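Tertiary structure, described
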Amino acid sequence: MNQNHTMMQFFEWHLPADGSHWNRLRELAPELSKLGIDAVWLPPVTKALSAEDNGYGVYDLYDLGEFDQKGSVRTKYGTKQELVDAIAACQQHGVACYVDLVMNHKAGADETERFQVVQVDAMDRNKVISEPFEIEGWTKFTFPGRGDQYSSFKWNFQHFNGTDYDASRQQSGIYRMVGEHKGWDDKVDHEFGNYDYLMFANLDYEHPDVRKEMIEWGKWLVDTIQCSGYRLDAIKHINHDFIKQFAVEMQKKRGEDFYIFGEFWNPDLADCRDFLDTVDYKIDLFDVSLHYKLQAASQGGRAFDLRTILDDTLVQSHPLHAVTFVDNHDSQPQESLESWVQDGFKPSAYALILLRKDGYPVVFYGDYYGIGGEHPIPGKKEVLDPLLYARRSKAYGEQIDYFDHPNTIGWVRKGFPDMDGSGCAVVISNGDAGEKRMHVGEHRAGEVWVDLTQARSDQITIGPDGYAVFPVNGGSVSVWAQPE
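The shown structure was predicted, so the numbers you read here are calculated from the model rather than taken from an experiment. (Residues numbered from 1 in each chain as written. Predicted model: local features only at pLDDT ≥ 70, side-chain atom pairs only at ≥ 80, totals over all residues. Heavy atoms only, no water.)

**Examining the pattern of salt bridges**
Taken as a whole and assessed by the stated rule, the structure comprises 33 salt bridges. The salt bridge partner of K253 is D223, with a shortest N-O separation of 3.0 Å. Here K253, found in helix α4 (residues 240-254), pairs with D223, found in helix α3 (residues 208-225); they are 30 residues apart in sequence, far enough to count as distant. On the accessibility criterion, D223 (38% relative accessible area) is partly exposed. Between K381 and D385 there is a salt bridge whose closest N-O contact spans 2.8 Å. Here K381 pairs with D385, and both are found in helix α10 (residues 381-393), just four residues apart, close to one helical turn. (Salt bridge = Lys/Arg side-chain N within 4 Å of Asp/Glu carboxyl O. Helix = DSSP H or I, 4+ residues; strand = E, 2+ residues; numbered from the N terminus. Buried < 20%, exposed > 50% of the residue type's maximum accessible area, 1.4 Å probe, protein only.)

**Observations concerning a negative patch on the surface**
A cluster of acidic residues, D268, D271, D274, D277 and D280, forms a negative patch at the surface. Within the secondary structure layout, D277 lies in helix α5 (residues 269-278). (Patch = residues over 30% accessible without salt bridge, like charges linked within 9 Å, V, L, I, M, F, W, Y side chains within 5 Å. Areas by Shrake-Rupley, 256 points an atom, 1.4 Å probe, with all protein chains shown as cover. Lys, Arg positive; Asp, Glu negative; His and termini not counted. Charge placed at Lys NZ, Arg CZ, Asp CG, Glu CD.)

**Quick word on the packing of aromatic side chains**
Per the counting criterion, the structure on display carries 39 aromatic pairs. Here F115 and F157 contribute two aromatic rings whose centre-to-centre distance is 5.3 Å and whose plane-to-plane angle is 15°, an arrangement assigned as stacked. One end of the pair, F115, is in strand β7 (residues 111-121); the other, F157, is in the loop between β9 (133-140) and β10 (160-166), and 42 residues separate them in sequence. Look at F115 and you get buried, because its relative accessible area is 3%. Assessed through its relative accessible area of 26%, F157 is described here as partly exposed. On the numbers, 6.0 Å between centres and 50° between planes, the contact of F141 with F160 is tilted. Taken together, the residues F141 in the loop between β9 and β10 and F160 in strand β10 connect sequence positions 19 residues apart. For the residue pair F141 and F160, the accessibility class agrees, reading buried in each case. A connected cluster of aromatic rings, assembled from ring pairs, spans F11, W41, Y98, Y259, F261, W265, F286, Y292, F325 and Y360. Directly above the ring of Y59 sits K70, whose terminal nitrogen or CZ lies 4.7 Å from the centroid. Geometry around Y467 places R437 over its ring, the cationic atom sitting 4.0 Å from the centre. (Phe/Tyr/Trp six-rings, centres within 6.5 Å; stacked < 30°, edge-to-face > 60°. Lys NZ or Arg CZ within 6 Å of the ring centre and 35° of its normal.)

**Structural notes on the side chain of N194**
Tracing the backbone through its elements, the reader meets N194 in the loop between β11 (171-177) and β12 (201-203). On the basis of relative accessibility, which here comes to 5%, the residue N194 falls in the buried class. Excluding its chain neighbours within four sequence positions, the residues that come into contact with N194 are R125, N126, W184, D185, D186, V188 and D189. (Contact = heavy atoms within 4.5 Å.)

Read these as layout, nothing more, since geometry by itself doesn't imply function.
Structure follows, in structure tokens:
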């Protein structure tokens, strides 16, 4: 029987910029495998505008930490060889590597160019607030440190449709380029009227050379580092038809099991469904609506009705296409989409993504190993290890839900007959101590179950009818199963 799949987001925003992260991954590969982590999502591997940048200020897509550009050879995370070695080490231990692709914009141009623009309203990008005028923009990318190695493609203003800085006037704004076939892409999210523009120099996916170059790069990258999939950044800002084309081309090159998932940061379920329809379900999406539900539950305490925690979530409506997560690098404190799930509810939140049958769960590096920077947050390894153990060894088989009380919910997994000791009963409270009478199967009669989280020291004997009453402490989670 196949083991449950579990991904780890193997970075957080405040990792030290010392070039040691790829080596850290290589060293931790055996430990991750033992935890049941069989895939890691890596941060952007390409050269950014500085060695301190997390990779989202992307400069040269073909420089993986190999050329002396932007002040260093290595990226924030290490050198190209260290990256290749880390991915190989992961694969030796059965851990797939998914690489974060930033395809929306480019930053850190080598030269400026002069071109015509109009300024648009930041709150409504369809609203033009100036006559056409000329600016000096950072849009020419010649990659002097790399030259033509791997690709001779050079970027100029014709490959972009917007930018945010006029060097001649030293003024910031959102500037849309004017010219033949220029305009915002209409196959994007409609926040701010049109959300094609996000930051820096915005790639113009109506330009055939841009599409061709990005697909060629995607193929080159997977050949070069031998990763098992891609995580696509900021896809609500990128032409949705291109996302489908890109996914089709990558899977044509690497096979249908080349896994692609995307960040469509939009909690509206109808918009997510429309996006999945547009891309013909070629990629999976992060369940942003579930993340916000978990955050609301963490803030609401007993006022939050736990029976509704999965309502209007992607994992409920599209279970085969939902990548579930509690927090990530954008939602962590002080970051752009800060929406942190509070510590008191975090173990329950992880139980909801790790121990249920639906969704592809992601454990956040910052939750497991801790967050650095000026406001460090300790890791929760001791809280998460029992849940990871339960996912790896117990959370299999038929699922029966007992979502019948606003402050105490539970579910059971019946286990598989050919997996010794599999099966579990999970109870979550966001109010007072409670209990759930749940059915785990007549064949369990007489078995003694314990709480794997060690929040409770009781021993529960399964009754002759396959039922038992499973308790939980107030504001806590307990995972009941046979001890090893």
